[in-house]
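Coordinate inspection notes
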Amino acid sequence: MIQLRHPLPARIFHWTLAPLAITLVATGLYLTNPPYHGSPRTARKLHSLAGFLFTGGFVARLYYAALRREWRLILPERHDLKKLPSFARYHLYLTDKKPQFRKYNIGQKFLYTFWPLEAIFALPLGFFLYAPHTFARPVKWLGGLARIRQLLYSLTLLTAATMAGHIYLALTDSVGKLKSIFTGYYKRGT
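To start, this report covers the structure provided alongside it. Note that the structure is a prediction, hence the values are computed from the model and not measured.

1. Concerning the pattern of salt bridges
Under the definition given, this model contains 7 salt bridges. With its nearest N and O atoms 2.6 Å apart, the salt bridge here joins Asp80 to Lys109. With a gap of 29 residues between them, Asp80 in helix H4 (residues 78–82) and Lys109 in helix H6 (residues 106–130) connect regions that are remote in the sequence. Pair check on accessibility: Asp80 and Lys109 agree, each one buried. The partner of Asp173 in a salt bridge is Lys98, with the nearest N and O atoms 2.5 Å apart. Taken together, the residues span a long stretch of sequence, with Asp173 in the loop between helix H8 (145–171) and helix H9 (175–183) and Lys98 in the loop between helix H5 (84–91) and H6 at a distance of 75 residues. With a relative accessible area of 29%, Lys98 lands in the partly exposed category. Look at the salt bridges and you will find they share partners, linking Glu77, Asp80, Arg102 and Lys109 into a network.

Structure representation (structure tokens):
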């Protein structure tokens, strides 16, 4: 049976936000430790542009998810948590028995829950670095610009790790589900 797994708007959001997220991670790491030659001005502009576009797209994606009432598909639920040990055993190659989930497995749900929470912390920190004089009080309260850069660097590394986890979970599920992020459709049993 063929079913629609990812509607066109969801696929457009995914393939728009994914390169923006990669750009944010790459330029963020570059800005943390720029080479001695050249100016980081271009990277800073690209990072800021990608940040603004990503924020707008991400908010739109959350709104779209709310309109479609997708929260139960994205947020971890109690019955998902009960399957966490079998999920971990399967993905650590300790068993061949794959636990069954509805649309997304518990690992994906943790990632989809983590990213908005991370954005709540990263966005203000990014604005503090973008306009430190405008946000002088919160910058001082957080320990200065160097401390904010450290926090953002840690969040960037964590984001890169979760993106790698997302790709790993997508590649180790099924070919049919992987194809569905491109085509939108999923044929059960593939």
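2. Description of the side chain of His6
Position of His6 relative to the elements: it lies in the loop between strand E1 (2–4) and helix H1 (8–32). A polar contact of 3.5 Å, which involves the side chain of His6, links it to the side chain of Ser180. Setting aside residues up to four positions removed in sequence, His6 forms contacts with Arg11, Lys103, Tyr104, Ser180, Ile181 and Gly184.

3. Examining H1
Here H1 spans 36 Å end to end across 25 residues, near enough to the 36 Å set by a 1.5 Å rise per residue. Taken together, the buried positions of H1 are Ala10, Arg11, Phe13, Leu17, Leu20, Ala21, Leu24, Val25, Thr27 and Gly28. Those residues of H1 hidden inside the fold are in contact with helix H2 (41–67), H8 and H9.

Reading the values: the criteria
Residues numbered from 1 in each chain as written. Predicted model: local features only at pLDDT ≥ 70, side-chain atom pairs only at ≥ 80, totals over all residues. Heavy atoms only, no water. Salt bridge = Lys/Arg side-chain N within 4 Å of Asp/Glu carboxyl O. Helix = DSSP H or I, 4+ residues; strand = E, 2+ residues; numbered from the N terminus. Buried < 20%, exposed > 50% of the residue type's maximum accessible area, 1.4 Å probe, protein only. Polar contact = N/O pair within 3.5 Å; in protein donor to acceptor, adjacent residues only side chain to side chain. Contact = heavy atoms within 4.5 Å. Expected span 1.5 Å × (residues − 1).

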